[in-house]
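A closer look at the structure
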Number of protein chains: 2
Amino acid sequence: MPSKGLYARAGVDFDLAGRTKHLIAEEARKTFRPEVMADIGFFGSMFNFKGYRDPVLVSSVDGVGTKLKIAAAMNCHEGAGVDIVSHSVNDILCCGARPLYFLDYIAMGKLNTRVAVSLARGMAKACREVGMALVGGETAQMPGMYADGEYDLVGFITGVVERDEIIDGRTIKIGDVVLGLPSSGLHTNGYSLVRKIFRLDDDTAQLKVFYPELGRTLGEALLEPHRSYYNRLKPVLRMVKGIAHITGGGMIDNIPRILPDGMAIRVRRGTWEVPPIFELIRRKGRIKVDEMFNVFNMGIGMVFVASPDNTRRLIRSLPEARVIGEVIRAASEDECVLIK
Amino acid sequence: MPSKGLYARAGVDFDLAGRTKHLIAEEARKTFRPEVMADIGFFGSMFNFKGYRDPVLVSSVDGVGTKLKIAAAMNCHEGAGVDIVSHSVNDILCCGARPLYFLDYIAMGKLNTRVAVSLARGMAKACREVGMALVGGETAQMPGMYADGEYDLVGFITGVVERDEIIDGRTIKIGDVVLGLPSSGLHTNGYSLVRKIFRLDDDTAQLKVFYPELGRTLGEALLEPHRSYYNRLKPVLRMVKGIAHITGGGMIDNIPRILPDGMAIRVRRGTWEVPPIFELIRRKGRIKVDEMFNVFNMGIGMVFVASPDNTRRLIRSLPEARVIGEVIRAASEDECVLIK
């Protein structure tokens, strides 16, 4: 069609977009579950919703943030697809929700099929891991908005929880135990600071430096995908009173989000091993330990609160989990107090 | 908290982000409906879902595209908030779905509270117009990813349709009539081409040129918000067999998306008045008319198909609607044939 050429001169390639969509759709179809009623590409994605008593739909939207700049510099993208899905799954898990379906948004200056399909492959993989369907998305070409080789990736998740099974922290009591599950690395937070500390915008060669304590290069360690906790926590959700996903702002900002008024959480810093990547960042950036806890997850990706009576059963079911603190009366307001 | 300052040095301002979120939440709360169960800011947005027989959730994701560059150049943002909501509402309306709730994603290099709140105000306004709740979103600060003053805006919509009321074109028959509803302007498509034609990347002063045939400046005409068709079409949906939202690719690409195999649509170009903005673009870009129809909506924002028996009732209920063509047997494949 003649106008394709016309539009291509303005930096938008519709034919390439069509081929890319076809390849992305192939990845997405591998995640379909019986409720999916429309193939990729119709105006809306349709999901037949039934079998619940008093369902609450739980949705969330998030981006990968500037971890994408590391992915672009390393030219390694599948992990970013995993990142956006896992981040989203963990967010709605904080309400007790199981994932149903996912849509993505990829924006690029000039469409790069290989990158877009790598992202889709990573998303589809992480979706299948939790039984979620990747039902649609948008791949936008925005000439003049994104620098060459850079892109943004955004995810939109829909899950469900029965109304009487919502987890939101309201049953938390003073004396409850606080447990943590290990992160795989930085997950998707703290990257603007890391880029500054290692001057990655000036010199991406830093990413190729091998660090013995990491057992790999800095770039490899930084790109470690965000971990999804749904399959681990699902069997024990009935014993869990509150869940906090440790994202931007670290434990300090995220734990208070689930606490009832008048309560605080005391976290004992020595109860888990902080992975070496955080010590490397702290040393290189000359950052105080307390500050580290307000930016990074410091090795704990998910925090959950339970009655002390259930601690033993929880640890038996989740051998990786550590008791990292307890719920205390707040001195002034909801907070997360760190002690040694 | 000390680390706020630390992080601010890396270009991310958490305190400003907190204040901005607070202001956005105020706008969002004005859209809440009784099903909304969590305030803005929890890990997931919760929406109590009930009262349907055999519901199908209909979701869609989209961005505003490079119309945002015009909004940035004009420093006029509320309309972009309307754009993303209306675009999304129209997309799921093509399945017959009514809007339930909306989440947004705003990404900026350096957070600009005024811009973010303007966008939220526009989104909230367009959400209220169709009774949809703005339940959550993400405002991302991505230093080094977006140029100063530029941003991306993405929307995620969730709606619902009863399974036996899905509109997807499958009942369309040869001889059915094709109706069109007027657009308000370019809506959200064709902007990369327009930017090229008017050389807007080199000289934004072009946006301030007054054109008598437009009755306003080029910039004002280009920023006219995307129109939402939900309230207009809702009362007549039972008479409608297929709906196509005329977005990227124009009628040529979008109408065939709803046609059963073996059918085509013949559109009579003279049956509606093409707004002067399109003639201005055509003249300035020396574009063939046929090509214009493959990029722009040409004055028809929404196309729908119905039985000829219902034409009179439809026009009575929708006085703006025009019969613009009919469904014919396809010569080779599904297509949209333009005739004079």
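The preceding data block contains the structure.
Residues numbered from 1 in each chain as written. Chains lettered and ligands numbered in written order. Predicted model: local features only at pLDDT ≥ 70, side-chain atom pairs only at ≥ 80, totals over all residues. Heavy atoms only, no water.

Details of the overall build of chain A
From N to C terminus, chain A includes twelve helices and 13 strands. The C-alpha atoms of chain A give 21 Å as radius of gyration, which agrees with the globular expectation for 340 residues (20 Å, within 12%). With the C-alpha coordinates aligned to their principal axes, the bounding extent of chain A is approximately 70 × 55 × 35 Å. Carbon and sulfur atoms make up 48% of the accessible area of chain A, which totals about 13100 Å². Computed over 45 positive and 40 negative side-chain charges, the inter-centroid distance for chain A is 3 Å. (Helix = DSSP H or I, 4+ residues; strand = E, 2+ residues; numbered from the N terminus. Rg over C-alpha atoms; globule rule 2.2 N^0.38 Å. Areas by Shrake-Rupley, 256 points an atom, 1.4 Å probe, with all protein chains shown as cover. Lys, Arg positive; Asp, Glu negative; His and termini not counted. Charge placed at Lys NZ, Arg CZ, Asp CG, Glu CD.)

Considerations on the relation of the copies chain A and chain B
Mapping chain A onto chain B calls for a screw motion: a turn of 180° about the axis and a shift of 0.0 Å along it, with 0.0 Å RMSD after fitting. Such a combination of turn and shift is consistent with a two-fold rotation axis. Here 99% of the contact residues of chain A are again contact residues in chain B; the copies associate through an equivalent surface. (Least-squares fit on C-alpha atoms with pLDDT ≥ 70 in both. Contact = heavy atoms within 4.5 Å.)

Focus: the side chain of Asp176(B)
All names here are of chain B. Of note, Asp 176 is situated in the loop between β5 (151-162) and β6 (177-182). Asp 176 gets classed as buried once you look at its relative accessible area, which sits at 3%. At 2.8 Å, the side chain of Asp 176 and the backbone nitrogen of Lys 173 are in polar contact. Leaving out residues up to four positions away in the same chain, Asp 176 has contacts with Thr 171, Lys 241, Val 305, Ala 306, Ser 307, Pro 308, Glu 326 and Val 327. (Buried < 20%, exposed > 50% of the residue type's maximum accessible area, 1.4 Å probe, protein only. Polar contact = N/O pair within 3.5 Å; in protein donor to acceptor, adjacent residues only side chain to side chain.)

Re a positive patch on the surface
Taken together, the side chains of Arg9(A), Lys196(B), Arg199(B) and Lys284(B) present a region of like positive charge at the surface. Mapped onto the elements, Arg9(A) comes out in helix α1 (residues 2-9). (Patch = residues over 30% accessible without salt bridge, like charges linked within 9 Å, V, L, I, M, F, W, Y side chains within 5 Å. Salt bridge = Lys/Arg side-chain N within 4 Å of Asp/Glu carboxyl O.)

Remarks on the interface of chain A and chain B
Where the parts come together, the accessible area they lose is often given as the size of the interface. At the interface, 79 residues of chain A touch 79 residues of chain B. When the buried area of chain A at its contact with chain B is split by residue, Phe43(A), Leu57(A) and Met145(A) rank highest and sum to 13% of it. The tally of links from chain A across to chain B stands at zero salt bridges. When residues in the side of chain A that touches chain B are grouped by element, the largest group, nine residues, is from strand β2 (residues 55-63) of chain A. Taken together, the residues that form the side of chain A that touches chain B break down as 41 nonpolar, 20 polar and 18 charged. (Buried area = accessible area lost by both parts, 1.4 Å probe. Nonpolar A, V, L, I, M, F, W, Y, C, P; charged D, E, K, R; others polar.)

A few points about the nonpolar core
All names here are of chain A. Core analysis: the largest hydrophobic core is formed by 110 residues, its most contacted members being Leu 222, Leu 233, Ile 243, Met 251, Ile 281, Phe 296 and Phe 304. Of all the elements, helix α5 (residues 113-129) adds the most residues to this core, at eight residues. Not counting the four nearest positions on each side in its chain, Phe 304 is found in contact with Val 177, Val 178, Leu 179, Leu 181, Leu 233, Val 240, Gly 242, Ile 243, Leu 314, Leu 318 and Ala 321. (Core = buried A, V, L, I, M, F, W, Y, C linked by side-chain atoms within 4.5 Å.)

Here's the deal with the state of the cysteines
All names here are of chain A. The tally for this structure, following the rule as stated, stands at zero disulfides over all chains. For the unlinked cysteine Cys 76, the closest cysteine sulfur is that of Cys 127, found at 19 Å. Take Cys 76: its relative accessible area is 41%, and that puts it in the partly exposed class. (Disulfide = S-S within 2.5 Å.)

Side note on the sheet that holds strand β6 (residues 177-182) of chain A
All names here are of chain A. One open sheet holds the six strands; their spatial order is β9-β11-β6-β12-β10-β13, and the pairing between them is mixed. Unpaired on one side and paired on the other, β9 (242-245) and β13 (336-339) mark the two borders of the sheet. This sheet shows a mean twist of 25° between the axes of neighbouring strands, independent of strand direction. The pairing of β9 with strand β11 (residues 300-306) spans four bridges and is classified as antiparallel. Pairing of His 245 across the sheet is with Met 302, part of β11. Its contacts with the sheet place helix α4 (residues 78-93) against β9 and β11, and it is angled at close to 155° to β9. (Pairing = 2+ DSSP bridges. Axes fitted to C-alpha atoms, helices over the stretch in contact; angles between N-to-C directions.)

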